[in-house]
Amino acid sequence: MRLVRSKMFPLVVGYLMAAGIAQAQPVPADDEGEEIKPIDEPDDKKSDDKKSDDKKADDKKADDKKAKPPKQSKGAPVEAGESSGAEGDLDPARPPKKGKGAIWGVLTDKRSEEPMMEAVVTVEGTKLRAITDLDGRYRLELPPGTYTLRFWAELHKAEILKNVHVEEGKGARLDAVLQNDEGAVDVVEVVTEADKTAVEGQILSRQRASAVGDSVGRAEIARTPDKNAAQAAQRVVGATVVGNRFVFVRGLGERYTNALLNGAPLPSPEPDRAAVPLDLFPTITLDSLTIAKTFTPDVPGDFAGGSVRVETRRIPSKFIFQSSLSGSYNSQSTFRDRLSYKGGSTDWLGFDDGFRALPPGFPSYKLTTGAPKPGGGNVTDQDVDSAGRDVNSFFSSKRAFTPPDHSLSVAVGNAWKLGRESRLGALVALNYGHSYQIRTDEESNDYAVSSNGSLARQRSYLVDTGNETASWGAFASTTYELNAHHRFTLIGLHSQIADKTVTVAEGFKDVAAQLAVHDTRLAFVSRAQNLGQLGGEHVLPELGGSEIDWRVWLSNASRNEPDTRNVAWQLTQGSTTWSYADDSYSGRHFWAEQSEGIKGGQLDFTTPIADDDSKLKFGGFVNLRRREFTSRAMAFRRSSDLALSDYSKLNCASKDFDACADSLFFGSNIGPVVRLSESTLPVDAYNADLDVYATYFMVDASLSPWFRVIAGERLEVTRQTIEPFDQFSSEPQESAGIDSTDLLPALGTVFTLTKRSKLRTSLTRTLARPQLRELAPFAYSDFFGGRFVSGNPDLKMTRIINADLRFEFFPTLKEVLATTVFYKRFSDPIETVAIASGDRGLVTFQNAEGADLYGMELEARKDLGFLSRSLKEFTGIANLTLAQSRIQLSGAAREYLTNASRPMTNQAPWVLNLALDYAGSRGTTVRLLYNVAGKRIVQVGSQDIPDAYEHPRHVIDLSASQDINSHFQVKASASNILNAPHLVTQGADHDAPVVSKYTSGSVVSVGATYTYWRVAF
């Protein structure tokens, strides 16, 4: 909420928000009296016995002037479904939806007799309201009854009309003329933030924003099949989602994207990424999701593609209860048997109950015969065998029936008036979901260059996967408004998600030698996110309406991978019997835990300067990130004491690999046949810190009615360290770190060409830090024989210069046409590199010398009624991002890597989103969506191995909803209708050798939502 003293600074438009518009002083109002009945005919002037003769004359002038409704118009409802504007070419006098009546009209300035754009029309005692459009028009659809309407605009006297009667099925025109408030210089008005849940609020926020950005609100998300923030983000211009979790913006990888929750940085539960997986945030907790494309000094500067800003739901102005239930059918999973394995009693809640934990009292020393013990002496075979029997567990998978996916969400909120000026609001939301996925015959291959220079398969597998995902979350928000000048907000959030996965891979570990392998992997990975945030917003009238905003936060993200198990069997050329693979990745038990905590705060001070539309803003920011990662890896190897008579126990003649595994790892075989051996390395645990200290200043100045400048600078100090440590000794390990101080300047301009068009420019400097995992020398592999992934402690920060130019045209408050061109220059960009190392290969990270990225974004949202009146209820949405990048390699890498000239890793050359909306007059909505991204490099090839490309995947989604009555809504959706394959090839051509190929299935969902609300006060 923003409060501004009008004496020095004209009021910003009265933006909408769910909490409503508060008043600092009484406004003129009619006495209680006779009922006001608007005239049903739209061209007749309204009557009101309480008005003066002069006002009636003014009203008649306004009515005569607007006897013919303007062609394009709409209001801006605060909450979708409660009020609606005059959309596009729709006649504002059209019949209302079933069960409601309509009030519409035009607001006019008395002095100029011009229509009043962005004036506010509210229904007192409710949160129903609208904002007038560019032609001064509004429209409200209300249940039958008698209401009080309030008309208000900046620097005008508010007009209140009581006893406005609304009849079911009828529309009525009610115009108003607002008089200039000559005494407004002594008034303190309350100006609230834009309601970001609806399209109109999104566009209004966009028009007034200091940064170039694009967003999607809760009302918009509700019209898609999206269930979390990651899925919602792919609807934003230039955004793609990788792995259903990570957001790429303008074709750049997640390293060039940061994530903020209500302005605070988020921790990451991922060991190999600093990026935040947005699937942790269910859409029920969201008010809006914005991706800022340009940098301003008042936000963290560690991004180049975009800054993902998640805003959580605000307090309601009334009691509200909402519950949703849905079920889904996956075409290749539901009602089929999937791979699974026995788990714990709390797997359905997304965390392990201890079933997979290391046994109590398990040795803390390294379990290798002959290794030293902490208390003296050496580890014996007896010590190892005892620990082996304790840790031994099954390696067998099983088949399980796959029920439909299902989800449930509940939200409850209320607000209480505590006095004349104070109020308290609270909102609680809970959600739970369970989903399943089966993949069969997934191709997975690695390649090497043969002696004759051709590309040959080195490893080749067909993979079957069964996955079960359990997720739930809880969100709570409390806001206390002391008075019109002070507001405090406390937010708490917990999100939990776990994947229980069985993967069976069969193929060749060595194609040339015809060494066949059958590998079974059992895994359970849980991720959790906790966040607490306290903030305050304060307006100081004694300082001319200056504002102080502050926020402190504590958050933690954890990842637990308890007892991941692999067992592999191999068949050598010429043999007919499968034998146990004696390898550190066979008979393997692996435990890993990661915890990442963040604490920090920021303080912003904003004060008006020079004139009414200019301000100076400065502040400070501290964010302290701590990560702890530990892991232990051990495997059952062939015993050195193996007797000749026991060799047959290492074979699996039946090819019933599950039965063979359970037979081999039988308790009496531990020691005589197989013996535990720990392979944990000294660098398999680390502590990492990333501390950022920042201060900034910026000026947002309106130098003329048509020219605005946003300029400033941010100073960011980075202290980043990673310290591997040996869990079994005090011997120091090589550490890595970055100590840097950076100035991040920003200059932006906004030219208001007309009242409906703007031209924006931006020139900034930002940075990208190596992700913590990328500095760590810890190496891991996803499956037996797969490539290792390892960090590089010598990485440097990437610094980026960004230039943007955007033209925006807003035909109405619900439509936009925009074109953006951009350019970015990268110094020391970090690239993922595949190296032919050993018999498995290695994936690591390196700095390139530099890179250039340039591109264009085209965006359109347009009501289609201009084509034909039969299309007046349809809206077309399209956005296209075109981008090209070229990377410059350093001398050593130029010879080592296969392609010296190529695009950046994960940079898509184009991204296309299309949507067609239908919004019927009887509560019917339909949305058809299409998304595709161009092929992009996902792994850089080296030593003559071509780069690996992910190819375009065409995705079509369809969703529809129908209001049954004022409380019930049903919704159906179909996702991934085409079920196009995920395809990665070793080379750019579509028919190049396949690295990975699989499908995930089409999903059909049905659900219902019940909503109950009543006025809180």
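Residues numbered from 1 in each chain as written. Predicted model: local features only at pLDDT ≥ 70, side-chain atom pairs only at ≥ 80, totals over all residues. Heavy atoms only, no water.

J.: How should the overall build of the protein be read in this particular structure?
T.: A count of helices and strands for the protein gives 8 helices and 52 strands. Put simply, the protein has 1017 residues, and 58% of those count as buried. Within the protein, contacts between residues at least 6 apart in sequence are counted, and of these 72% link residues at least 24 apart. For the protein, the accessible surface area stands at approximately 39200 Å², while carbon and sulfur atoms represent 54% of it. (Helix = DSSP H or I, 4+ residues; strand = E, 2+ residues; numbered from the N terminus. Buried < 20%, exposed > 50% of the residue type's maximum accessible area, 1.4 Å probe, protein only. Contact = heavy atoms within 4.5 Å. Areas by Shrake-Rupley, 256 points an atom, 1.4 Å probe, with all protein chains shown as cover.)

J.: Sorry if this is basic, but what is going on with the nonpolar core here?
T.: One broad trend across soluble globular proteins is that nonpolar side chains are buried collectively. The biggest cluster of nonpolar side chains holds 30 residues, and the ones touching the most others in it are Trp569, Tyr580, Phe636, Leu664, Phe665 and Val674. Looking at this core, the elements with two or more residues in it are helix H5 (381-391), strand E26 (546-571), strand E27 (578-580), strand E29 (615-638), helix H6 (657-664) and strand E31 (674-678). With 4 residues, H6 is the single largest residue contributor to this core. If near-sequence neighbours (up to four positions away) are discounted, Leu664 is found in contact with Trp569, Tyr580, Lys649, Leu650, Asn669, Val673 and Val674. Counting 23 residues, the second-largest nonpolar core is a separate cluster that includes Trp553, Phe629, Ile722 and Phe845. (Core = buried A, V, L, I, M, F, W, Y, C linked by side-chain atoms within 4.5 Å.)

J.: How should I be thinking about the state of the cysteines in this particular structure?
T.: Throughout this description, disulfide means a covalent bond between two cysteine sulfur atoms. Counted by the stated rule, this structure contains 1 disulfide. Here Cys652 engages in a disulfide with Cys660; their sulfurs sit 2.1 Å apart. Looking down the S-S bond of the Cys652 and Cys660 bridge, the torsion is 80°, so its handedness is right-handed. We classify Cys660 as buried; its relative accessible area is 12%. (Disulfide = S-S within 2.5 Å.)

J.: Would you explain H5 in this entry?
T.: Residues three or four positions apart in an α-helix share a direction because the helix packs 3.6 residues into each turn. Of the residues making up H5, those classed as buried are Asp383, Val384, Asp385, Ala387, Gly388 and Val391. Next to the buried residues of H5 lie strand E28 (588-608), E29 and E31.

J.: Explain the sheet that holds strand E3 (residues 120-123) here, please?
T.: Sheet strands pair by backbone hydrogen bonding; their relative direction is either parallel or antiparallel. Reading across from one edge, E4-E3-E6-E7 is the order of the 4 strands in this open sheet, with antiparallel pairing throughout. A strand with exactly one partner marks an edge of an open sheet, and here the two such strands are strand E4 (129-131) and strand E7 (159-166). The sheet shows a mean angle of 20° between the axes of neighbouring strands, taken without regard to direction. (Pairing = 2+ DSSP bridges. Axes fitted to C-alpha atoms, helices over the stretch in contact; angles between N-to-C directions.)

J.: Which parts of the structure should I look at to understand a nonpolar patch on the surface?
T.: There is a patch of nonpolar side chains on the surface, built from Leu805, Val821, Met856, Leu858, Leu882 and Trp910 and spanning about 420 Å² of accessible area. Residue placement: Leu805 occurs in strand E38 (residues 798-809). Taking the relative accessible area as the measure of exposure, Leu805 reaches 38% and is therefore partly exposed. (Patch = residues over 30% accessible without salt bridge, like charges linked within 9 Å, V, L, I, M, F, W, Y side chains within 5 Å. Salt bridge = Lys/Arg side-chain N within 4 Å of Asp/Glu carboxyl O.)

J.: What am I meant to see in the packing of aromatic side chains here?
T.: The geometry of two aromatic rings is summed up by the distance between their centres and the angle between their planes. For the structure shown, the criterion picks out 25 aromatic pairs. Arranged with centres 6.4 Å apart and planes meeting at 65°, the rings of Phe295 and Phe303 form a pair that is edge-to-face. Since its relative accessible area comes to 3%, Phe295 is described here as buried. Using a relative accessible area of 1% as the deciding quantity, one classes Phe303 as buried. Arranged with centres 6.5 Å apart and planes meeting at 40°, the rings of Phe355 and Phe394 form a pair that is tilted. Here Phe394 lies in the loop between H5 and strand E20 (398-401) and Phe355 lies in the loop between strand E19 (337-340) and H5, a separation of 39 residues in the sequence. Take Phe394: its relative accessible area is 22%, and that puts it in the partly exposed class. Among the aromatic residues, those joined into a cluster by ring pairs are Phe395, Trp569, Trp578, Tyr580, Phe636, Phe657 and Phe665. When the ring centre of Tyr998 is taken as origin, the NZ or CZ atom of Arg439, which lies over that ring, is 3.7 Å away. (Phe/Tyr/Trp six-rings, centres within 6.5 Å; stacked < 30°, edge-to-face > 60°. Lys NZ or Arg CZ within 6 Å of the ring centre and 35° of its normal.)

J.: Would you mind showing me how to read the pairing of E26 here?
T.: Looking along a regular strand, one sees the side chains alternate between the two faces of the sheet. As paired elements, strand E25 (residues 515-540) and E26 share 22 bridges and run antiparallel to each other. Paired with Arg521 across the strands is Asn566, a residue of E26. Once E25 ends, the chain turns through 5 residues before running back antiparallel as E26, passing Gly544 with a positive phi of about 70°. As defined by bridge partners, E26 adjoins E28 across 18 bridges and the pair is classed as antiparallel. Within E28, the position partnered with Thr564 by the bridge is Phe590. As defined by bridge partners, E26 adjoins E27 across 2 bridges and the pair is classed as antiparallel. Following the sheet pairing, Trp569 is matched in E27 by Tyr580. Count of turn residues in the E26/E27 antiparallel hairpin: 6 residues, of which Gly574 carries a positive phi of about 90°.

J.: Can you help me understand unusual backbone geometry in this one?
T.: Glycine aside, residues mostly have negative phi angles, and peptide bonds mostly take the trans form. A positive phi angle is found at Phe335, which is not glycine, with a value near 70°. By secondary structure assignment, the location of Phe335 is in the loop between strand E18 (318-330) and E19.

J.: Explain the confidence of the model for the protein to me, please; I cannot follow it from the model alone.
T.: Low pLDDT marks stretches whose predicted atomic positions should not be read closely. On average, residues of the protein carry a pLDDT of 80, and 79% of them reach 70 or more. E19 holds the highest mean pLDDT among the elements of the protein, 96, whereas strand E10 (residues 188-191) holds the lowest, 34. A low-confidence stretch, residues 1-89 stays under pLDDT 50, and its non-local contacts, those more than four residues away or across chains, total 284 contacts. Across residues 183-196, where pLDDT falls below 50, the model places 62 contacts with residues more than four positions away in sequence or in other chains. (pLDDT = per-residue confidence, 0-100.)

J.: Please clarify how the pairing of strand E43 (residues 874-888) should be interpreted in this entry.
T.: By the bridge criterion, 14 bridges tie strand E42 (residues 850-863) to E43 in an arrangement that is antiparallel. Paired with Lys862 across the strands is Gly876, a residue of E43. Where E43 meets strand E44 (residues 910-919), 9 bridges bridge the pair, whose relative direction is antiparallel. Within E44, the position partnered with Thr875 by the bridge is Asp917.

J.: What is the right way to look at the pattern of salt bridges in this model?
T.: A side chain of one charge can pair with a side chain of the opposite charge if their charged atoms are brought near each other. A complete count under the given rule lists 43 salt bridges for this structure. One salt bridge connects Glu167 with Lys170, and the closest N-O pair in it is separated by 3.1 Å. The class for Glu167 is partly exposed, based on a relative accessible area of 36%. Arg559 is the partner of Glu561 in a salt bridge, and the nearest nitrogen-oxygen pair spans 3.1 Å. Residue Glu561 shares its accessibility class with Arg559, and that shared class is buried. Because the salt bridges share partners, they merge into one network encompassing Lys293, Arg760, Arg806, Glu808 and Glu857.

J.: Help me out: how do you make sense of H6 in this one?
T.: Of all the positions in H6, only Phe657, Cys660, Ala661 and Leu664 are classed as buried. On an axial view of H6, the arc spanned by its buried residues comes to 100°, and they lie on one face. Packing partners of the buried residues in H6 comprise strand E24 (486-510), E25, E26, E27, strand E30 (651-652) and E31. (Arc of directions from axis to C-beta.)

J.: Any chance you could explain the side chain of Ser422 here in plain terms?
T.: Checked against the element boundaries, Ser422 lands in the loop between strand E21 (405-417) and strand E22 (423-449). A polar side-chain atom of Ser422 sits 2.5 Å from the main-chain carbonyl oxygen of Leu482. (Polar contact = N/O pair within 3.5 Å; in protein donor to acceptor, adjacent residues only side chain to side chain.)

J.: Just checking my understanding: could you explain the environment of Gly920 for this structure?
T.: With respect to the helices and strands, the residue Gly920 is situated in the loop between E44 and strand E45 (924-933). Accessibility expressed as a relative area gives 8% for Gly920, which makes it buried. In contact with Gly920, not counting residues within four places along its chain, are Lys97 and Glu873.

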